[in-house]
Amino acid sequence: MDIDALHSTLLSITVVSEKVRAARETLSATADAPASLGKFLSEVESDLRIAKATLGGELGFSLCPRCWPPELVAADLDGQLNCPVCGQISYEQAA
């Protein structure tokens, strides 16, 4: 298993997911955007987030147990695990 390639893939999925989310939010703000395009972008965003969580889990990253799809959690300078989406600490940290 090439960890560097897997890590690079995870980063790419994360970047694309954020770009799709931003495009969907921009389209939602405009009244003339077709609803089917917004729905399509929502589905793509969800699929990318699931792929990111799956790959992150396989690489051993911590995942937020409160979010769906699960989000990768990051440790701050104090070692606290925080979810960038819901802002909560993980169950593992709380236990």
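Procedures and definitions
- Residues numbered from 1 in each chain as written.
- Predicted model: local features only at pLDDT ≥ 70, side-chain atom pairs only at ≥ 80, totals over all residues.
- Heavy atoms only, no water.
- Helix = DSSP H or I, 4+ residues; strand = E, 2+ residues; numbered from the N terminus.
- Expected span 1.5 Å × (residues − 1).
- Buried < 20%, exposed > 50% of the residue type's maximum accessible area, 1.4 Å probe, protein only.
- Contact = heavy atoms within 4.5 Å.
- Polar contact = N/O pair within 3.5 Å; in protein donor to acceptor, adjacent residues only side chain to side chain.
- Salt bridge = Lys/Arg side-chain N within 4 Å of Asp/Glu carboxyl O.

Draft legend 1. A look at helix H2 (residues 35–58). With 24 residues, H2 ought to run about 34 Å at 1.5 Å a step, and its terminal C-alpha atoms sit 35 Å apart, in line with that. Looking only at H2, the buried set comprises Gly38, Leu41, Glu45, Leu48, Arg49, Lys52, Ala53, Leu55 and Gly56. As for H2, its buried residues are in contact with helix H1 (3–29).

Draft legend 2. Spotlight on the environment of Gly38. The topology assignment puts Gly38 in helix H2. Along the sequence, Gly38 and Leu27 sit 11 residues apart, while their C-alpha atoms lie 6.6 Å from each other.

Draft legend 3. Structural view of the side chain of Glu71. Position of Glu71 relative to the elements: it lies in the loop between H2 and strand S1 (74–75). One polar contact links Glu71 to Arg49, side chain to side chain, over a distance of 2.8 Å. With sequence-adjacent residues up to four places away left out, Glu71 is seen in contact with Arg49, Lys52, Ser62, Leu63, Cys64, Cys83 and Val85.

Draft legend 4. Geometry of the pattern of salt bridges. Taken as a whole and assessed by the stated rule, the structure comprises 4 salt bridges. In this structure, Arg49 engages Glu71 in a salt bridge whose closest nitrogen and oxygen atoms are separated by 2.8 Å. Placement of Arg49 in helix H2 and of Glu71 in the loop between H2 and S1 is noted, with a sequence separation of 22 residues between them. Across the pair, exposure class does not vary: Arg49 and Glu71 are buried alike.

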